[in-house]
Amino acid sequence: MHTISEYREALREYLNKKVETKEPKNLYEPITYILNLGGKRLRPVLVLMSAEIFETPFEKAMDAALAMEIFHNFSLVHDDIMDDAPLRRGKATVHEKWDLNTGILSGDTMLITAYQLFENYEGAIFKELAQLFTKTAIQVCEGQQYDIDFESREDVEIEDYLKMIEYKTAVLVGASLQMGAIVAGAPEDCKRSVYQYGRLLGIAFQLQDDYLDAFGNPDTFGKQVGGDIIENKKTFLYLKALENSERNEASNLEHLYSISPVDATGKIEAVKLIFEQSGAAELTRAEIKKYTKEAFAILDNIEIPEDKKSLLRSFGSSLMEREV
């Protein structure tokens, strides 16, 4: 088995070889730009790791891994357009550096390029990868639409929110692991199980991200603490606080989520206090532990050598090791 750093370096070299700036320059330069902004490259690493776990050289899964990385970055380009975001990983977003039309067209090209990479696989493997990718890509779009809809809906339930984060975030983690297993020709039950491991871990990770958005350490979280509160996002914390609060406190929370003060410091602190007093903060921590435990329980039952399980378990633990 290789290290995560070795997977990332191999992927970087392969990306530079396969994705280049060609004519028309204004179509392809934004693609190489966004792909070289860095990031953790979590999804492609999982593809490569999974292939090796199921006894196949990771190089055979490189095209599938690159497809997942390109698709993920395609979604970021379009998310940034929808959010009118000026920065991505500390640099200008594609639509800001070029223009809106270029961002849309370059993003579309990335999506098509991701599909094209599956053509490097034969027959049954090509078909299975393409089917999984299509299903996952549609779910990601559905998750994004749910997220947009929730901004104006007043009837969002806990189940709605969990479905949204599953589609928007978790299915990509599960699909990445399953793709490596498909390339390796793993048994059907292993493919299904490794997908569920990734899906559950992805839900836990997103719940944790939402929690840390309110209660994380500003020096280590990597994003603005309180950003979801400023944007009035109906997260698990918010929905649980509404569910568990007395009527007056719930009304106060709803009011706070209807205003957008220039200085949001007071709003953030007031909302966080409600999150804590209602028990929503504690319930969110418990939910994170529940999904993490369920993920590891599935991993324990996958029929692979214990050292391979330990590798996946260590990766999952490192993903969740941020302080909660």
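Data block above holds the structure.
About the criteria used
- Residues numbered from 1 in each chain as written.
- Predicted model: local features only at pLDDT ≥ 70, side-chain atom pairs only at ≥ 80, totals over all residues.
- Heavy atoms only, no water.
- Helix = DSSP H or I, 4+ residues; strand = E, 2+ residues; numbered from the N terminus.
- Rg over C-alpha atoms; globule rule 2.2 N^0.38 Å.
- Buried < 20%, exposed > 50% of the residue type's maximum accessible area, 1.4 Å probe, protein only.
- Contact = heavy atoms within 4.5 Å.
- Areas by Shrake-Rupley, 256 points an atom, 1.4 Å probe, with all protein chains shown as cover.
- Lys, Arg positive; Asp, Glu negative; His and termini not counted.
- Charge placed at Lys NZ, Arg CZ, Asp CG, Glu CD.
- Phe/Tyr/Trp six-rings, centres within 6.5 Å; stacked < 30°, edge-to-face > 60°.
- Axes fitted to C-alpha atoms, helices over the stretch in contact; angles between N-to-C directions.
- Parallel < 35°, antiparallel > 145°, perpendicular 65-115°, else oblique.
- Left-handed = near helix turned anticlockwise from the far one by under 90°.
- Salt bridge = Lys/Arg side-chain N within 4 Å of Asp/Glu carboxyl O.
- Arc of directions from axis to C-beta.
- Core = buried A, V, L, I, M, F, W, Y, C linked by side-chain atoms within 4.5 Å.

Turning to the overall build of the protein, a few remarks are in order. Looking only at helices and strands, the protein has 16 helices and two strands in total. Relative to the globule expectation of 20 Å for 324 residues, the C-alpha radius of gyration of the protein, 20 Å, shows essentially globular dimensions. Overall, the C-alpha framework of the protein stretches about 60 × 50 × 35 Å when taken along its three principal axes. Counting the 324 residues in the protein, one finds 54% classified as buried. When contacts within the protein are restricted to residue pairs at least 6 apart in sequence, those whose partners lie at least 24 apart make up 71%. Surface summary for the protein: the accessible area is close to 15,600 Å², and the carbon and sulfur share equals 49%. Within the protein, one finds 37 positive and 55 negative side-chain charges whose respective centroids are separated by 3 Å.

So, about the packing of aromatic side chains. On inspection of all chains with the given rule, the structure shows 10 aromatic pairs. Centroid distance Tyr-33 to Trp-98: 5.3 Å. Interplanar angle 75 degrees. Geometry classified as edge-to-face. With Tyr-33 in helix 2 (residues 25–35) and Trp-98 in the loop between helix 5 (94–97) and helix 6 (100–117), this residue pair connects regions lying 65 residues apart in the sequence. Summarising the burial analysis for this pair, Tyr-33 and Trp-98 share the class buried. Relative to Phe-133, the ring of Phe-71 has its centre 5.2 Å away and its plane inclined at 75 degrees; by these criteria the two rings are edge-to-face. Taken together, the positions of Phe-71 in helix 4 (residues 62–83) and Phe-133 in helix 7 (residues 123–150) put the pair 62 residues apart, joining distant regions of the chain. Each member of the pair, Phe-71 together with Phe-133, is buried. Here the aromatic cluster, defined as three or more aromatic residues joined through ring pairs, consists of Phe-71, Phe-74, Tyr-115, Phe-118 and Phe-133.

Turning to the packing of helix 9 (residues 188–215) against helix 16 (residues 306–319), a few remarks are in order. Relative to each other, helix 9 and helix 16 sit at 15 degrees, their axes nearing to 10 Å. As far as their axial angle goes, helix 16 and helix 9 are roughly parallel. Between helix 9 and helix 16 lies a crossing of right-handed hand. Contact residues: helix 9 offers Val-194, Tyr-197, Leu-201, Phe-205 and Gln-208, while helix 16 offers Leu-312, Arg-313, Gly-316 and Leu-319.

A separate point is the pattern of salt bridges. If you walk through the whole model with that rule in mind, you get 15 salt bridges. In this structure, Glu-9 engages Arg-12 in a salt bridge whose closest nitrogen and oxygen atoms are separated by 2.5 Å. One end of the pair, Glu-9, and the other, Arg-12, are both in helix 1 (residues 4–18), three residues apart, so they sit about a helical turn from each other. Here Arg-199 makes a salt bridge to Glu-166, at a shortest N to O gap of 3.4 Å. Of this pair, Arg-199 sits in helix 9 while Glu-166 sits in helix 8 (residues 158–183), and the two are 33 residues apart along the sequence. A single burial state applies to Arg-199 and to Glu-166, both of which are buried. Salt bridges linked by common partners bring Glu-128, Glu-188 and Lys-191 together as one network.

Turning to helix 13 (residues 247–256), a few remarks are in order. For helix 13, every residue scored as buried is listed here: Ala-250, Leu-253 and Leu-256. Along the long axis of helix 13, the arc covered by the buried residues comes to 120 degrees, so they all point the same way. When the buried face of helix 13 is taken as reference, the exposed residues oriented beyond 90 degrees from it are Arg-247 and Asn-248. Buried-residue contacts for helix 13 involve helix 12 (236–244) and helix 14 (265–277).

Let's shift gears to the environment of Asp-79. Along the chain, Asp-79 turns up in helix 4. Using a relative accessible area of 16% as the deciding quantity, one classes Asp-79 as buried.

Counting 107 residues, the largest nonpolar core has Phe-54, Met-179, Leu-207, Phe-275 and Leu-312 as its most contacted members. In terms of residues, this core owes the most to one element, helix 8, which gives 16 residues. Beyond its immediate chain neighbours, meaning those up to four positions away, Phe-54 contacts Ala-181, Ala-184, Ala-186, Cys-190, Val-194 and Ile-304.

Bringing unusual backbone geometry into the picture now. Omega for the peptide link from Glu-23 to Pro-24 comes to -5 degrees, which places this bond in the cis form. Positive phi is not limited to glycine here, since Glu-55 has a value of about 65 degrees. In this structure, Arg-89 takes a positive phi of about 55 degrees despite not being glycine. In this structure, Arg-89 sits in the loop between strand 1 (87–88) and strand 2 (91–92).

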